[in-house]
Amino acid sequence: FEGEAWLSIAFSEDGKMIGSEAVIGIPGSIPQKYMLGGYDVSVIQLMPEEQQTLTDASITATNGQTIMKFTKLMSEPGEIEILFGDNEFLWAHGSDATLAYHGGSRSSFSLNLSGSGFVGGTATEPTENPVTNDEADGSVAVVQGNEQEQVGPDCTVNFCENDLASGFLQKYKINVPEGQNAANCEGCSITMELIFEGEAWLSIAFSEDGKMIGSEAVIGIPGSIPQKYMLGGYDVSVIQLMPEEQQTLTDASITAT
């Protein structure tokens, strides 16, 4: 988060705050699990000690950013399960490091944690469960034991979509060479299409930590060919075009019509 504030991510069955279960991090303390009983801070209840099962939990506020990290079991007795498929999450943050009403700084979102690694607008790490493709409908099936569960569209067969912001759509497809598979692919490539309501330069970047600086981007400027850049900072003077030998994009174009 850009700023210093308390942060929260919640797990929900219906996309609503009340009745959800959250991890809340307050700078200066350790992130913990809470029950969200209502909108007032008085009914945000810390879970009992035996339910405080997070590992590697931390929250730090440095260089104008607040970063919360934790590892949570996906299935815990008496708690909302994080599914190997579609999930409803909520996020919220405060205006400072004191836990209080968040105002409009909150929203719900859906996230698919499919074992294919490329489903529901998010690229996730492959799991140990085998993944099979249903060529008929372009879905992905995850086999657990003797049971097969359909968890979402297969982005190696059809284009998947991700709404980046209002009026800004990302479409993508994973290209898997013959003899390879999406879970462990050598020579895979990704085809992307960004559609923006308006005329402007567009960019999609690839990051190891979710931050701009140090990321690598494809930037398209109307009237030229999209190319690969190194993002050295926030000023345009340190957005550096990669060397010619690294300009490996194919079928690259940007049009304003």
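Residues numbered from 1 in each chain as written. Predicted model: local features only at pLDDT ≥ 70, side-chain atom pairs only at ≥ 80, totals over all residues. Heavy atoms only, no water.

Trainee: Let's hear about the pattern of salt bridges: which residues, and what values?
Mentor: Taken as a whole, this structure holds four salt bridges when the rule is applied. Its salt-bridge partner being Glu76, residue Lys33 comes within 3.1 Å of it at the nearest N-O pair. Taken together, the positions of Lys33 in strand E3 (residues 32-36) and Glu76 in the loop between strand E6 (65-71) and strand E7 (86-93) put the pair 43 residues apart, joining distant regions of the chain. By relative accessible area, Lys33 is classed as buried at 1%. Residue classification places Glu76 among the buried positions, given a relative accessible area of 8%. Where Lys72 meets Glu79, a salt bridge forms, and the shortest distance between an N and an O atom there is 3.8 Å. Across this residue pair, the class does not change: Lys72 and Glu79 are buried. A single network of salt bridges, built from pairs that share partners, joins Lys33, Lys72, Glu76 and Glu79. (Salt bridge = Lys/Arg side-chain N within 4 Å of Asp/Glu carboxyl O. Helix = DSSP H or I, 4+ residues; strand = E, 2+ residues; numbered from the N terminus. Buried < 20%, exposed > 50% of the residue type's maximum accessible area, 1.4 Å probe, protein only.)

Trainee: Let's hear about the nonpolar core: which residues, and what values?
Mentor: Residues Leu7, Phe11, Val23, Leu54, Ala57, Ile59, Met68, Ile80, Ile82, Phe89, Leu111 and Leu113 constitute the largest nonpolar core, which totals 12 residues. Breaking this core down by element, the ones donating at least two residues are strand E1 (7-12) and strand E5 (55-62). Beyond its immediate stretch of four places on either side in the chain, Ile82 contacts Phe11, Lys72, Leu73, Met74, Asn87, Phe89 and Leu113. Listed in part, the 11 residues of the second largest apolar core include Trp6, Met17, Ile26 and Leu36. (Core = buried A, V, L, I, M, F, W, Y, C linked by side-chain atoms within 4.5 Å. Contact = heavy atoms within 4.5 Å.)

Trainee: Tell me about the packing of aromatic side chains, and please be specific about residues and values.
Mentor: Evaluated as defined, the whole model comprises three aromatic pairs. Consider the rings of Phe11 and Phe89, whose centres lie 5.6 Å apart with planes at 75 degrees: the pair is edge-to-face. Of this pair, Phe11 sits in strand E1 while Phe89 is found in strand E7, placing the two residues 78 residues apart along the sequence. We classify Phe89 as buried; its relative accessible area is 7%. Judged by centre distance (5.6 Å) and plane angle (85 degrees), the ring pair of Phe168 and Phe196 falls under edge-to-face. Of the two residues, Phe168 sits in strand E15 (residues 168-175) while Phe196 sits in strand E16 (residues 189-196), which places them 28 residues apart along the sequence. Phe196 gets classed as partly exposed once you look at its relative accessible area, which sits at 34%. These aromatic residues form a ring-pair network of at least three members: Phe11, Phe89 and Phe109. (Phe/Tyr/Trp six-rings, centres within 6.5 Å; stacked < 30°, edge-to-face > 60°.)

Trainee: So what about the state of the cysteines? Which residues, and what values?
Mentor: Throughout the structure, instances matching the rule amount to one disulfide. Covalently, Cys155 is tied to Cys160 through a disulfide, its sulfur atoms 1.8 Å apart. Residues Cys155 and Cys160 share a disulfide whose torsion about the S-S bond is about -100 degrees; that sign makes it left-handed. Neither Cys155 nor Cys160 differs from the other in exposure class; each is buried. (Disulfide = S-S within 2.5 Å.)

Trainee: Run through the sheet that holds strand E8 (residues 106-112), naming residues and quoting values.
Mentor: The strand order across the open sheet formed by six strands is E4-E3-E2-E1-E7-E8, and the pairing between neighbours is antiparallel. Strand pairing shows two members of the sheet lacking a second neighbour, strand E4 (44-46) and E8, which therefore form its edges. On average, each strand axis in the sheet is tilted by 30 degrees relative to the strand beside it, whichever way the strands run. One ladder, built from three bridges, connects E3 with E4; its direction is antiparallel. By the bridge assignment, Met35 is partnered in E4 with Gln45. (Pairing = 2+ DSSP bridges. Axes fitted to C-alpha atoms, helices over the stretch in contact; angles between N-to-C directions.)

Trainee: Lay out the environment of Ser108 with the relevant residues and their values.
Mentor: If you trace the backbone, Ser108 turns up in strand E8. Residue Ser108 is classed as partly exposed on the basis of its relative accessible area, which comes to 37%. Here the alpha-carbon distance between Ser108 and Gly15, two residues 93 residues apart in the chain, equals 5.9 Å. Not counting the four nearest positions on each side in its chain, Ser108 is found in contact with Gly15, Phe89 and Leu90.

Just geometry here; none of it tells us what the structure is for.
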